[in-house]
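# Breakdown of the fold
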Amino acid sequence: MTDFTLLTVVVLTAIALVTAALLIARLAAPRTFNPHKGEPYGCGVPTRGEAWFQFHAGYYLYAILFLIFDIETVFLFPWAAVVSRIGMQGLLSIVFFIAVLILGLAYAWRKGALEWK
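Residues numbered from 1 in each chain as written. Predicted model: local features only at pLDDT ≥ 70, side-chain atom pairs only at ≥ 80, totals over all residues. Heavy atoms only, no water.

### Considering the overall build of the protein
For clarity, the cut-off: Here a helix means four or more residues in a row that DSSP labels H or I, a strand means two or more in a row labelled E, and each is numbered from the N terminus. Burial here depends on accessible area, computed with a 1.4 Å probe over protein chains only, as a share of the maximum for the residue type. Under 20% is buried, over 50% is exposed, and the range in between is partly exposed.
Helix and strand content of the protein: four helices and zero strands. In the protein, the succession of helices and strands from N to C terminus is α-α-α-α. For the protein, with 117 residues in total, the buried portion stands at 5%.

### Some words on the packing of helix H2 (residues 57-74) against helix H4 (residues 83-110)
Stated precisely, the cut-off is as follows: Note on method: axes are straight lines fitted to C-alpha atoms, helices fitted across the in-contact stretch only, with angles between N-to-C directions ranging 0 to 180 degrees. The scheme is simple: roughly parallel for angles under 35 degrees, roughly antiparallel for over 145, roughly perpendicular for 65 to 115, oblique for anything else. Handedness of a crossing follows from how the near helix is turned relative to the far one, being left-handed for an anticlockwise turn of less than a right angle and right-handed for a clockwise one. Note on definitions: a residue-residue contact is assigned when non-hydrogen atoms from the two residues lie within 4.5 Å.
As a packed pair, H2 and H4 sit with axes 11 Å apart at the nearest point and diverge in direction by 165°. For the element pair H2 / H4, the angle class is roughly antiparallel. Pair H2 / H4 crosses with left-handed handedness. The residues of H4 that touch H2, namely those facing Leu65, Phe69 and Glu72, are Phe97, Leu101, Gly104, Leu105 and Ala108.

### Some words on the confidence of the model for the protein
Just so we agree on the cut-off: Every residue carries a pLDDT, the predictor's confidence in it, which falls somewhere between 0 and 100.
Mean pLDDT over the protein stands at 82; residues scoring 70 or higher make up 87%. Mean pLDDT in the protein bottoms out at H2, which sits at 80, and peaks at helix H1 (residues 3-28), which reaches 94.

### A short note on a nonpolar patch on the surface
Rules: For patch detection, residues must exceed 30% relative accessible area and be free of salt bridges, and they are connected within 9 Å for like charges or within 5 Å for nonpolar side chains (Val, Leu, Ile, Met, Phe, Trp, Tyr). Surface accessibility follows the Shrake-Rupley procedure with a 1.4 Å probe radius. Residue values consider only the protein chains on display as shielding. Just to be clear on terms, a salt bridge is a Lys or Arg side-chain nitrogen sitting within 4 Å of an Asp or Glu carboxyl oxygen.
On the surface, Phe53, Phe55, Tyr59, Tyr60, Tyr62, Leu105, Trp109, Leu114 and Trp116 cluster together to form a nonpolar patch covering roughly 1000 Å² of accessible area. The element contributing the most residues to the nonpolar patch is H2, with three residues. Taking relative accessible area as the criterion, Tyr60 reaches 48% and is therefore assigned partly exposed.

As structure tokens, this is what we get:
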């Protein structure tokens, strides 16, 4: 089997599976209309007035910083699993990695991104 034939089979199979999943979902889904379906949801409490309002950009920055540091912390686990086998080069690379994390945290702290106002 050539590479092109294999690629064609994989692409056609993917298209067929996606089409089948969408068709099954459309056939199995309930068709009742509820006027509350289009309303924004907020913990079961009905909204009063306009539901669209502007958030302070600090909340988004705080969330992005959390995600960045959370994901970078996850990168420390594979390193910790092989720390005894990678030697001095691995140690220096992780020290550099942690230094960049600390510098990023210091920068965010200095800019006031971690303060709730």
